[in-house]
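Next come the chains, spelled out residue by residue.
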Amino acid sequence: MAALFSRKRETAADEALIRSLYEEHGRALLAYATRLTGDRAAAEDVVQETLVRAWRHPDALVNGKGSVRGWLLTVARNIVTDRVRARAARPQEVAESPATPPVERDHADQVVDSMVVLEALDRLSADHRDVLMEIYFRGRSVAEAAAALGVPPGTVKSRSYYALRALRETFGGQKVALKGVAG
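One structure accompanies this document, and this report is about it. Not measured: the values here are computed from a predicted model.

### Focus: the side chain of Glu 134
Mapping Glu 134 onto the fold places it in helix 5 (residues 126–137). A distance of 2.8 Å separates a polar atom in the side chain of Glu 134 from a polar atom in the side chain of Arg 138. A polar contact of 2.4 Å, which involves the side chain of Glu 134, links it to the side chain of Arg 140. The contacts of Glu 134, once residues within four sequence positions are left out, are Gly 139, Arg 140, Ala 145, Ala 148 and Leu 149.

Right, dumping it as structure tokens:
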């Protein structure tokens, strides 16, 4: 019971110490932290953290070495320095939104799209599939595809037209993107 009473008395004394520290040094500490951070809200956080550290280390305030205000200002400066270093150590976070898509996309969607497109290509005739493979996957021009397939350029054009039309029907009118699919 005596220990509980003693702890309550110590807690009350610590609270009184912190309250008096804030009343005496709070304005100067806030002004200093605001000057260091350039942000009032961040400065208030720094002052709060400084007072928490003072509460955790009350012996540093009453040891007679230097002034209390000097100790508080040094602690505040160290907190600001630690925050700046912590921000510099890791990349800045960017909120994900349609305007700022993630830097690295999940490749699962691309894999699924590839599988769907490849399955749709398998449904085409061999002639239509070969033309699309030459033009879209190998990046050849109509003339180069015609030479590779051994057919006239007009045939390559008409086969690609009808092949894309068949793919559109397969996807129900959705836009078909063949550029990102590897074959």
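That shown, we press on.
### Some remarks on the pattern of salt bridges
In total, this model carries six salt bridges according to the counting rule given. Of the charged contacts, one joins Glu 134 and Arg 138 as a salt bridge, the two residues approaching to 2.8 Å between their closest N and O atoms. Look at Glu 134 and you get buried, because its relative accessible area is 8%. Beyond isolated ion pairs, a larger network of salt bridges with shared partners links Glu 134, Arg 138 and Arg 140.

### Brief notes about the nonpolar core
Counting residues in each nonpolar core, the largest one holds 17 residues, and the members touching the most others are Leu 21, Val 46, Val 47 and Ala 54. Within the residue set of this core, elements represented by two or more residues are helix 1 (2–37), helix 2 (40–56) and helix 3 (68–89). Residue contributions to this core peak at six residues, all from helix 1. Setting aside anything within four residues of it in sequence, one finds Leu 21 in contact with Gly 26, Leu 51, Ala 54, Leu 61, Val 68 and Leu 72. Formed by 11 residues, the second largest nonpolar core is a distinct cluster that contains Val 117, Ala 163, Leu 164 and Leu 167.

Cut-offs used in this document
Residues numbered from 1 in each chain as written. Predicted model: local features only at pLDDT ≥ 70, side-chain atom pairs only at ≥ 80, totals over all residues. Heavy atoms only, no water. Helix = DSSP H or I, 4+ residues; strand = E, 2+ residues; numbered from the N terminus. Polar contact = N/O pair within 3.5 Å; in protein donor to acceptor, adjacent residues only side chain to side chain. Contact = heavy atoms within 4.5 Å. Salt bridge = Lys/Arg side-chain N within 4 Å of Asp/Glu carboxyl O. Buried < 20%, exposed > 50% of the residue type's maximum accessible area, 1.4 Å probe, protein only. Core = buried A, V, L, I, M, F, W, Y, C linked by side-chain atoms within 4.5 Å.

Nothing here speaks to function; it is all geometry.
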